[in-house]
Amino acid sequence: MAVIEAEELRRTYRTTTGALRRRTLDVEAVRGVTFAVERGELYGLLGPNGAGKTTIIKVLVTLLLPTAGSARVLGHDVVRDVREVRRRVGFVFGGERGLYERLSGLDNLRYFAELYGVPAREQGRRIAELLDLVGLSGRERERVEGYSRGMRQRLHIARGLMHDPEVLFLDEPTLGLDPVGARELRQTVAGLTEAGKTLLLTTHYMFEADALCDRIAVLSRGRIVAEGTPRALKERVGGGRVIEVEVFGIGEERVDALRAVGGVRSVAVEERGQVQALVVRTDAGVEVTPALLARLAGTTIGRVSYREPTLEDAYVALVEE
């Protein structure tokens, strides 16, 4: 039996639009999503903002009711068995909400230990273990208002693990962190799977999903457009290579002309400060560089480089299909 199961899961929001004449509008945030997560697996939901990642997490942790379909965690239905699901899962979200800043990290954990019903005789040992796990030992008596964002997120993880849940949901835990804090937090997350936890992680950082996840579901507009290991997803759109060309000002007509070159699968334009980068994905065994440069005649060109496709390239290709 899978630890987390979703079958044709749907969630529709009803909202209003219009400044003068208000009208009701139904928005489908999740559109028939089906997936399963095995015990001890770190499963990722990957997609841009608005793809439905957080909505799926909130349904699975019983914070939202599904409009249609079904979902189970550890065999318990998220609608009928709310109490049982909540007893067995932990939930960590990105951002700085959910902690009491005027209290120390230790007092925050003591408070949540009481909320989660951890027996008093076990609280001291449990808190010490969690502080060591997330790397906050020695800083626990400081007020949270003096913590960095990375420290706060690690304290969030400790809070989510306080009742020793079998399943942990992480909703963009590295959101807004500096590179050092994000790297430390990713190391903490990787350690949780080694400890035998089952994790479901949402993120829109491609490299993070590539480094951490055993399997990934790529979401676009509320639907899963691809699923598999990071390597399998890259191979699915791989077999070719990526050419990056730095240019200084380029119009849409030139970009369309590059897309028409034989052997070119896709062309994307990335803004990199004062320079634009053309990211050209090509078929395997085809040399297109001379044709590309010919189409760019008259344009100021900088560095031309080649590399293998990344998960980000695979993601862009999948959501554009």
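Here, the structure is the one placed above.
Residues numbered from 1 in each chain as written. Predicted model: local features only at pLDDT ≥ 70, side-chain atom pairs only at ≥ 80, totals over all residues. Heavy atoms only, no water.

Caption draft 1: Structural detail: helix H4 (residues 120–133). Between its first and last C-alpha, H4 extends 20 Å over 14 residues, near the 20 Å set by a 1.5 Å rise per residue. All of the buried residues in H4 are Gln123, Arg126, Ile127, Leu130 and Leu131. In this structure, the buried side of H4 is in contact with helix H3 (105–115) and helix H5 (149–160). Two residues or fewer past H4, Gly135 is found with a positive phi of approximately 75°. (Helix = DSSP H or I, 4+ residues; strand = E, 2+ residues; numbered from the N terminus. Expected span 1.5 Å × (residues − 1). Buried < 20%, exposed > 50% of the residue type's maximum accessible area, 1.4 Å probe, protein only. Contact = heavy atoms within 4.5 Å.)

Caption draft 2: Seen up close, the side chain of Glu5. Positionally, Glu5 belongs in strand E1 (residues 4–17). Residue classification places Glu5 among the buried positions, given a relative accessible area of 18%. Discounting chain neighbours no more than four positions away, the residues touching Glu5 are Phe35, Ala36, Ser70, Ala71 and Arg72.

Caption draft 3: Representation of the layout of surface pockets. Looking at the largest pocket, its volume works out to about 270 Å³. Val61, Thr62, Leu63, Arg86, Val89, Gly90, Phe91, Tyr116, Arg159 and His163 together form the lining of the largest pocket. Sort the elements by how many residues they give to the lining of the largest pocket and strand E6 (residues 89–93) lands first, with three residues. If you add up the space inside the second largest pocket, you get close to 210 Å³. Lining the second largest pocket are 13 residues; nearest its centre among them are Ala268, Glu270, Val279, Asp313 and Val316. For the lining of the second largest pocket, the leading source of residues is strand E12 (residues 264–272), giving five residues. Classifying every residue of the lining of the second largest pocket by side-chain character gives four nonpolar, two polar and seven charged. (1 Å grid on protein atoms, 1.4 Å probe; cavity = no way out; pocket = protein on both sides within 12 Å on 5 of 7 lines; lining within 4 Å. Points joined across faces, edges and corners; volume = space filled by probe spheres on them. Nonpolar A, V, L, I, M, F, W, Y, C, P; charged D, E, K, R; others polar.)

Caption draft 4: Quick peek at the side chain of Arg11. For Arg11, the location among the structural elements is in strand E1. Buried within the structure, Arg11 lacks any salt-bridge partner; Asp26 is the closest side chain of opposite charge, at an N-O distance of 10 Å. Here Leu65 takes part through its backbone oxygen, which lies 2.5 Å from a polar atom of the side chain of Arg11. What Arg11 contacts, discounting residues up to four positions off in sequence, is Val27, Glu28, Ala29, Val30, Thr55, Leu64, Leu65 and Thr67. (Lys, Arg positive; Asp, Glu negative; His and termini not counted. Salt bridge = Lys/Arg side-chain N within 4 Å of Asp/Glu carboxyl O. Polar contact = N/O pair within 3.5 Å; in protein donor to acceptor, adjacent residues only side chain to side chain.)

Caption draft 5: Here's a closer look at the packing of H5 against helix H6 (residues 179–194). In the contact formed by H5 and H6, the axes pass within 9 Å of each other and the chain directions differ by 20°. Looking at the two axes, H5 sits roughly parallel to H6. Crossing angle aside, the handedness with which H5 passes H6 is right-handed. In contact with Gln153, Arg154 and Ile157 of H5, H6 contributes Glu184, Leu185, Thr188, Val189 and Leu192. Of the residues contributing to the contact of H5 with H6, the split by class is four nonpolar, two polar and two charged. (Axes fitted to C-alpha atoms, helices over the stretch in contact; angles between N-to-C directions. Parallel < 35°, antiparallel > 145°, perpendicular 65-115°, else oblique. Left-handed = near helix turned anticlockwise from the far one by under 90°.)

Caption draft 6: Molecular detail of the sheet that holds strand E8 (residues 198–203). Across the sheet, six strands lie side by side as E6-E7-E8-E3-E9-E10; this open sheet has mixed pairing. Since the sheet does not close on itself, it has two edges, and those belong to E6 and strand E10 (223–228), each with one partner. Averaged over all pairs of adjacent strands, the angle between strand axes in this sheet comes to 15°, irrespective of strand direction. Two elements, strand E9 (residues 215–220) and E10, share five bridges in a ladder whose sense is antiparallel. Within the sheet, the bridge partner assigned to Ser220 lies in E10 and is Arg223. Across the sheet, helix H1 (residues 53–60) lies against strand E3 (42–46), E6, strand E7 (167–171), E8 and E9, angled at about 150° from E8, the strand it touches most. Sheet strands in contact with H6 are E3, E7 and E8, and its direction is about 150° off that of E8. (Pairing = 2+ DSSP bridges.)

By themselves, these are just geometric observations and shouldn't be taken as functional.
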